[in-house]
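Working through the structure, step by step
Single-letter residue listing:
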Amino acid sequence: MKKTNTKRADGRIAVQVYLGKDEFGKRKYKTVYGKTQKEANKKADEIRSAMNKGIDVLKEQDSYSEWASLFLTAQKEKLTPSEHDLKTKRAMFFCNFFGNLPLKAINAHLVESALQSLAKRNPTTGKPSADRTIKGYKLVCSQVFKFAIKNRAVTYNPCDDAELPEGAGKTERRALTSVERDWILNIEHRAKTAAMISIFCGLRRGEMTALTWNDIDFINGTISVSKSCDFKANELKLPKTEAGIRVVPMPDILVDYLKKEERKSLYVCCNSKGGMMTETSWKRLLESLLVELEVQYGAGEKKNKFAPVPTVLTIKPFGWHDLRHTYATILYEAGVDVLTAQYLLGHASAETTMRIYTHLSEEKKEKSITKLNEFLSTKNKCKSDASQAI
């Protein structure tokens with residue numbers, strides 16, 4: 001005969017589940033409640049089932065904020081200050097959205113609601129968030145749950161089933177076209193050196209900031225990427241990859257260009273005074289380059305680049321990371337394998353490189369289908385015209 005528990009004053013039935021003993025030998029229990037004995041027993045059975053899977057059921061009551069704090073603490077030594085700040089900002093968004101909800105109460109629908117809120121308004125800019133930004137927030141949320149799963153707090157990661165909002169702004173990285181690359185090759189501008197190093201060797205801004213002439217081996221035609229600048233911490237750091245220094249081969253076009261460059265500073269890419277570039281310096285340098293390209297190659301009104309009224313861009317603008325993405329595209333089109341590309345790009349994980357290659361492969365398929373449709377459409381039109389002529 002099954003045990004029947006006494007009904008409480010509030011009408012609920014309580015069932016205690018034995019959890020074992022703590023480090024001091026004290027017995028631990030967890031109490032669950034139900035409107036009926038059957039409901040209370042079911043909850044008790046769920047706890048026992050979770051315990052059999054190795055879950056610490058007491059931790060299930062911990063809030064997302066508590067686990068986010070533990071996760072960020074564990075990550076602090078593994079990340080640069082700027083990377084840790086970014087993860088903290090994104091984790092705090094979900095902490096504020098979920099409130100004090102326990103981990104096990106957060107489902108895929110709730111995560112999707114948070115992402116939809118983010119799509120409408122970014123907490124930093126106050127504007128709608130771009131697709132890439134939303135993916136970055138979702139990744140951090142997922143990492144917190146993975147950390148909790150690893151520590152036996154829960155068994156389910158709701159981010160796995162949460163879908164991204166439809167219609168979010170698309171800001172995928174783009175590669176420069178062959179025409180745009182020719183613009184860079186033919187222009188005379190202070191940004192040309194950095195642009196060419198990024199296009200033909202794929203260095204990041206931080207890596208180009210720390211790059212010195214001693215890092216360039218003209219005999220072997222290589223660049224040694226041994227350090228990078230963390231703009232927020234205002235300090236040099238080691239490369240992101242565990243392998244340390246990576247040696248990137250330079251194509252002849254870059255070797256020939258750099259050999260002719262005047263060495264005005266210790267740094268290959270320096271500011272106008274020969275000093276180290278800052279984040280603001282990079283931003284202004286790119287803006288200046290885009291204006292110069294507009295003046296020379298744009299379709300709009302040709303204004304002097306020094307005019308008080310800014311030149312309106314008719315060319316398609318690009319960012320520094322787009323130049324690096326151009327290098328990744330060149331590697332893909334040249335048939336460079338994923339692991340080699342991972343090394344050359346300095347990706348910590350082959351998954352990052354694979355995502356880029358997969359995206360480029362999909363783009364190539366789409367272009368091929370478009371060309372096929374255009375070809376078939378032209379052939380059908382020719383047949384139709386011929387039949388009408390008869």
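So, here's what we can say about the structure. What you see is a predicted model; the values in this text were computed from it and never measured.

1. A look at the layout of surface pockets
- When its volume is computed, the second largest pocket comes out at roughly 470 Å³.
- Considering the residues around the second largest pocket, the lining is formed by 22 residues, among which His-189, Arg-190, Thr-193, Glu-261 and Lys-264 are closest to the centre.
- Ranked by residues supplied to the lining of the second largest pocket, first place goes to helix H7 (residues 192-201) with three residues.
- Here the lining of the second largest pocket is built from residues that sort into nine nonpolar, six polar and seven charged.

2. Remarks on the sheet that holds strand S3 (residues 216-217)
- Spatial ordering of the open sheet is given by S3-S4-S7, a layout of three strands whose pairing is antiparallel. Every other strand in the sheet has two partners, leaving S3 and strand S7 (246-249) as the edge strands with one partner each.

3. Observations regarding the side chain of Thr-329
- Here Thr-329 shows up in helix H11 (residues 320-333).
- Accessibility expressed as a relative area gives 10% for Thr-329, which makes it buried.
- Here His-325 takes part through its backbone oxygen, which lies 2.9 Å from a polar atom of the side chain of Thr-329.
- For Thr-329, the residues in contact, after removing those within four places along its chain, are Ala-175 and Leu-360.

4. Things to note about the pattern of salt bridges
- For the coordinates displayed, the defined rule picks out six salt bridges.
- With its nearest N and O atoms 3.3 Å apart, the salt bridge here joins Lys-135 to Asp-131. Pair noted here: Lys-135 and Asp-131 are both in helix H5 (residues 131-150), with a separation of four residues, about one helical turn.
- Between Glu-279 and Arg-205 there is a salt bridge, and its shortest N-O distance comes to 3.6 Å. Of this pair, Glu-279 sits in helix H10 (residues 279-297) while Arg-205 sits in helix H8 (residues 205-210); the two residues are 74 residues apart in sequence, bridging distant segments of the chain.
- Using a relative accessible area of 38% as the deciding quantity, one classes Glu-279 as partly exposed.
- Using a relative accessible area of 27% as the deciding quantity, one classes Arg-205 as partly exposed.
- Several salt bridges converge on common partners, so that one network encompasses Arg-204, Glu-207 and Arg-246.

Here is what the cut-offs are and how they apply
- Residues numbered from 1 in each chain as written.
- Predicted model: local features only at pLDDT ≥ 70, side-chain atom pairs only at ≥ 80, totals over all residues.
- Heavy atoms only, no water.
- 1 Å grid on protein atoms, 1.4 Å probe; cavity = no way out; pocket = protein on both sides within 12 Å on 5 of 7 lines; lining within 4 Å.
- Points joined across faces, edges and corners; volume = space filled by probe spheres on them.
- Helix = DSSP H or I, 4+ residues; strand = E, 2+ residues; numbered from the N terminus.
- Nonpolar A, V, L, I, M, F, W, Y, C, P; charged D, E, K, R; others polar.
- Pairing = 2+ DSSP bridges.
- Buried < 20%, exposed > 50% of the residue type's maximum accessible area, 1.4 Å probe, protein only.
- Polar contact = N/O pair within 3.5 Å; in protein donor to acceptor, adjacent residues only side chain to side chain.
- Contact = heavy atoms within 4.5 Å.
- Salt bridge = Lys/Arg side-chain N within 4 Å of Asp/Glu carboxyl O.

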